[in-house]
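Secondary and tertiary structure notes
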Amino acid sequence: MAWTLRQPSIEAARALEPVVAAYADEAEAARHLPDTLVDAFIDARLFQMSVPAELAGAEIDFVESMRVVEEVARADGSAGGNVMIGAGNGRYGALMAPEVAAEVYSDPRAVWCAAFPVGGRLEVTEGWYRLSGRWSYASGCSQRSWFFPGFLVSEGAHARRPDDGRPVRPIRLPPAH
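Residues numbered from 1 in each chain as written. Predicted model: local features only at pLDDT ≥ 70, side-chain atom pairs only at ≥ 80, totals over all residues. Heavy atoms only, no water.

**Some words on helix H2 (residues 17–30)**
Rules: A run of H or I in DSSP becomes a helix once it reaches four residues, and a run of E becomes a strand once it reaches two; helices and strands are each numbered from the N terminus. To estimate the expected span of a helix, subtract one from its residue number and multiply by 1.5 Å. Fitting axes to the seven residues ending at a residue and to the seven starting there, one defines the bend at that residue as the angle between these axes. Whether a residue is buried, partly exposed or exposed follows from its accessible area with a 1.4 Å probe, protein chains only, as a fraction of its type maximum: under 20%, in between, or over 50%, in that order. In this description, contact between two residues means that some pair of their heavy atoms is separated by no more than 4.5 Å.
For H2, built from 14 residues, the straight-helix expectation of 20 Å at 1.5 Å per residue is met to within 8% by its first-to-last C-alpha distance of 20 Å. Within H2, the axis deviates most sharply at alanine 24, by approximately 45°. Turning to H2, its buried residues number three or more, namely Val20, Ala24 and Ala27. Looking at the buried residues of H2, the elements they touch are helix H3 (35–43), helix H4 (62–75) and helix H5 (77–89). Phi for arginine 31, located one or two positions after H2, is positive at around 65°.

Structure below.
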């Protein structure tokens, strides 16, 4: 992997203010960020600001990331909210199995969204897995390259429960298609 990394900053967010403001009405009407605006956020590394450094992210601290979000939100609150969610999800890279994190973040333009409430179930069948369900809207879902759904692992008609009796709720990242 060879690409030039730019650090996200308050100055980068401020520089985007006219672009964010110019697309605010279009984003509101469409109910999602226009691709041009998403690309501008990615190019400024705003979605990557919380990704761990070992995964080629900026890994800026939480307070600084909220200052960046605040600058975007000055021009359009919804755009700021999308940056907050998209960037905040990057922190989970540190919790992923190394091989999964390497795959997810091999693309420096990777953005993902999450729907943590359990909305589906994963059935284990003869060496295969089948994920099905319905998840509530997840902010940023139209711009994501990966989706992080919450689900229960099923055995037959029931949730798998280990000895402690709690249902198994793993979290996986299916790529967007």
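What follows continues from the structure just given.
**Concerning the side chain of glutamate 123**
What counts is decided by this rule: Identification of polar contacts relies on pairs of N or O atoms within 3.5 Å, with a donor-acceptor requirement for protein atoms, meaning one able to donate a hydrogen and the other able to accept it, and with residues adjacent in sequence counted only if both atoms are side-chain atoms.
With respect to the helices, strands and loops of the structure, glutamate 123 is situated in strand S1 (residues 112–125). Polar side-chain contacts of glutamate 123 include one of 3.2 Å to the side chain of arginine 121. Those residues in contact with glutamate 123 that lie beyond four places of it in its chain are Trp128, Tyr129, Arg130, Ser132 and Ser154.

**Side note on the packing of aromatic side chains**
Just so we agree on the cut-off: For Phe, Tyr and Trp, where Trp contributes only its six-membered ring, two rings pair if their centres lie within 6.5 Å, and the inter-plane angle classes them as stacked under 30 degrees, edge-to-face over 60, or tilted in between.
This structure, assessed with the given rule, holds three aromatic pairs. On the numbers, 5.8 Å between centres and 85° between planes, the contact of tryptophan 135 with phenylalanine 147 is edge-to-face. With tryptophan 135 in the loop between strand S2 (128–133) and strand S3 (146–155) and phenylalanine 147 in strand S3, this residue pair connects regions lying 12 residues apart in the sequence. For tryptophan 135, a relative accessible area of 21% gives the class partly exposed. For phenylalanine 147, a relative accessible area of 17% puts it in the buried group.

**Remarks on H3**
Think of an α-helix as turning once every 3.6 residues; residues three or four places apart then point the same way. Looking at H3, one finds that the buried residues are Leu37, Val38, Ala40, Phe41 and Ile42. Backbone geometry just downstream of H3 places arginine 45 in the positive-phi region, at approximately 65°.

**Quick word on the nonpolar core**
Convention followed: Residue types Ala, Val, Leu, Ile, Met, Phe, Trp, Tyr and Cys, when buried and joined through side-chain atoms within 4.5 Å, form a set referred to as a nonpolar core.
With 26 residues, the main nonpolar core has Val20, Phe41, Leu46, Val72 and Val83 as its most contacted residues. Put simply, the parts of the chain that give this core at least two residues each are helix H1 (10–15), H2, H3, H4 and H5. Counting residues per element, this core draws most heavily on H3, at five residues. In contact with valine 72, not counting residues within four places along its chain, are Ala13, Val20, Phe41, Leu46, Ala79, Gly80 and Val83. Ranked by size, the runner-up nonpolar core spans 11 residues in total, among them Ala101, Tyr105, Ala114 and Trp146.

**So, the side chain of glutamine 48**
By the element assignment, glutamine 48 lies in the loop between H3 and H4. Non-local contacts of glutamine 48, meaning those with residues more than four positions away in its chain, are made with Ile42, Gly57, Ala58, Glu59, Pro108, Arg109, Ala110 and Val111.

**Description of unusual backbone geometry**
Working note: non-glycine residues mostly have negative phi, and peptide bonds are mostly trans. With phi around 65°, arginine 31 is a residue other than glycine that occupies positive phi space. By the secondary structure assignment, arginine 31 is in the loop between H2 and H3. Even without a glycine there, the phi angle at glutamate 59 is positive, about 45°.

**Side note on the environment of valine 38**
Position of valine 38 among the secondary structure elements: in helix H3. Valine 38 sits in the buried class, given a relative accessible area of 6%. Valine 38 has contacts with Leu33, Phe47 and Gln143, leaving out every residue within four places of it along the chain.

**A look at the confidence of the model for the chain**
To keep things clear, this is the line we draw: Values of pLDDT, the confidence the predictor places in each residue, fall between 0 and 100.
Residues with a pLDDT of 70 or more make up 88% of the chain, whose mean pLDDT is 83. Confidence scores differ between elements of the chain, with strand S4 (residues 158–159) showing the lowest mean pLDDT of 70 and H2 the highest of 96. This stretch, residues 1–5, has a pLDDT under 50; its non-local contacts, to residues over four places away or in other chains, come to eight contacts.

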